[in-house]
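Residue-level structure breakdown
Below are the chains, spelled out letter by letter.
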There are 2 protein chains.
Amino acid sequence: MFSKACEYAIRAVVYIASETDETKKVGIQEICDHIEAPQHFTAKILQTLSRKHIVNSQKGVNGGFFLDSVQKKKSLKNIVEAVDGDQVFVGCGLGLKQCSETKPCPIHNQFKDIRNRLTKMMESTTIDALAIRLLKGESVLMQTK
Amino acid sequence: MFSKACEYAIRAVVYIASETDETKKVGIQEICDHIEAPQHFTAKILQTLSRKHIVNSQKGVNGGFFLDSVQKKKSLKNIVEAVDGDQVFVGCGLGLKQCSETKPCPIHNQFKDIRNRLTKMMESTTIDALAIRLLKGESVLMQTK
DNA sequence: TTAATAAAAGACAAAATTGTCCTTAATTAA
DNA sequence: TTAATTAAGGACAATTTTGTCTTTTATTAA
Ligand code: FES
Ligand code: FES
């Protein structure tokens, strides 16, 4: 469904959201310890998200990654689009060059419905909603240990 | 969503279903011409599907690939599972080792619904239903030309 | 029986994705 | 001002996916 990079991205951003604000930041090491992701690979992904203003970062002592209150209100769709692009939301399920109503692939009608539901779900799910459930202990970001 | 191999697989099988039965077969070249897929790569995928009895094949003069009436009644889910495995139907959306009700990832509740709908859709869509719509001209398997 | 045909199979090759390591730049506490 | 810290960036490596090419095996028509 999503690439590994995108899975790490969502897990990382939800963790960052749950632990930070404008005054408190977390480093890449701590993030990766809590989401069970490769550190340098995840660092690169967060660089991308930082350039796209989905997360903030600060170098130096007491630096790290953090999300402000505006960023926490963004949807998961923003993260996915930043990392994987929009094909999962608009592309043809059978890989035709473009999904089309007039020249549809055989599964277009059925697939469109699923794809639209996925899109709506990702649009309506905010980062902070997930962070809150995580803090309540209602969900986890890793399973071993 | 699905791998390239899986996209080619579905397109190929729908094409084969639309053109063959126990008495009429199609060769790999013709298949690939009609679904715009790389010939040797698709051939390998069809070998896999043949071993798993999702398609039939016959070597030699007048040989080729074909689907019998029983095979045409199979669902798309069978094709996907044969090529990509079942992770798209049972795996965690955020890549946790396994999707779990008791240790769910943050998007589990929302994601499960989408994933279940996808599964049902792929289970209830049969190969021959797609082949029929293709023959009626209501759908296409390639867009250029 | 032979020649033609078509899938099966194996060896590679290219490209994309995933992952690692090392150096550089920015920030801040001392 | 200096040293420590932390993200940014670049180079590179491993793995997986995708794609190509050649040889082998099975089948059948002539
Ligand atoms: S054309 Fe394939 S999903 Fe729309
Ligand atoms: S645990 Fe992630 S989808 Fe179920």
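Please refer to the structure placed before this passage.
The structure reproduced in this document is the subject of the present report. (Residues numbered from 1 in each chain as written. Chains lettered and ligands numbered in written order. Predicted model: local features only at pLDDT ≥ 70, side-chain atom pairs only at ≥ 80, totals over all residues. Heavy atoms only, no water.)

1. Points about the protein's contact with DNA strand C
- Around DNA strand C there are 28 residues in total, and Lys4(A), Tyr8(A), Gly27(B), Lys44(B) and Ser57(B) lie nearest to it.
- Atoms of DNA strand C within 4 Å of the protein: sugar and phosphate make up 66%, bases the balance.
- Contact between DNA strand C and Gln58(A): a phosphate oxygen at 3.1 Å from a side-chain N or O atom of the residue.
- One of the side-chain N or O atoms of Lys44(B) is found 2.7 Å from a base oxygen in DNA strand C.
- When residues of the surface near DNA strand C are traced back to their parent elements, those giving at least two are α1 (4-19) and α3 (39-51) of chain A together with α3 (39-51), β1 (56-58) and β2 (64-66) of chain B. (Near = heavy atom within 4 Å. Polar contact = N/O pair within 3.5 Å; in protein donor to acceptor, adjacent residues only side chain to side chain. Helix = DSSP H or I, 4+ residues; strand = E, 2+ residues; numbered from the N terminus.)

2. Notes on the nonpolar core
- Membership of the largest hydrophobic core comes to 95 residues, with the highest contact counts inside it found for Ile10(A), Ile31(A), Met122(A), Ile10(B), Ile31(B), Leu49(B) and Met122(B).
- Filtering out sequence-adjacent residues up to four positions away, Met122(B) remains in contact with Phe2(B), Ile10(B), Ser75(B), Leu76(B), Lys77(B), Val80(B) and Phe89(B). (Core = buried A, V, L, I, M, F, W, Y, C linked by side-chain atoms within 4.5 Å. Buried < 20%, exposed > 50% of the residue type's maximum accessible area, 1.4 Å probe, protein only. Contact = heavy atoms within 4.5 Å.)

3. Details of the protein's contact with DNA strand D
- In the vicinity of DNA strand D, 28 residues are found, and the nearest of them are Gly27(A), Lys44(A), Ser57(A), Tyr8(B) and Gln58(B).
- Among the atoms of DNA strand D close to the protein, meaning within 4 Å, 66% are from sugar or phosphate groups.
- With respect to DNA strand D, the side chain of Lys44(A) contributes an N or O atom lying 2.7 Å from a base oxygen.
- Of the residues forming the surface near DNA strand D, the biggest block, four residues, is contributed by α3(A).
- Of the residues in the surface near DNA strand D, the class split is nine nonpolar, 13 polar and six charged. (Nonpolar A, V, L, I, M, F, W, Y, C, P; charged D, E, K, R; others polar.)

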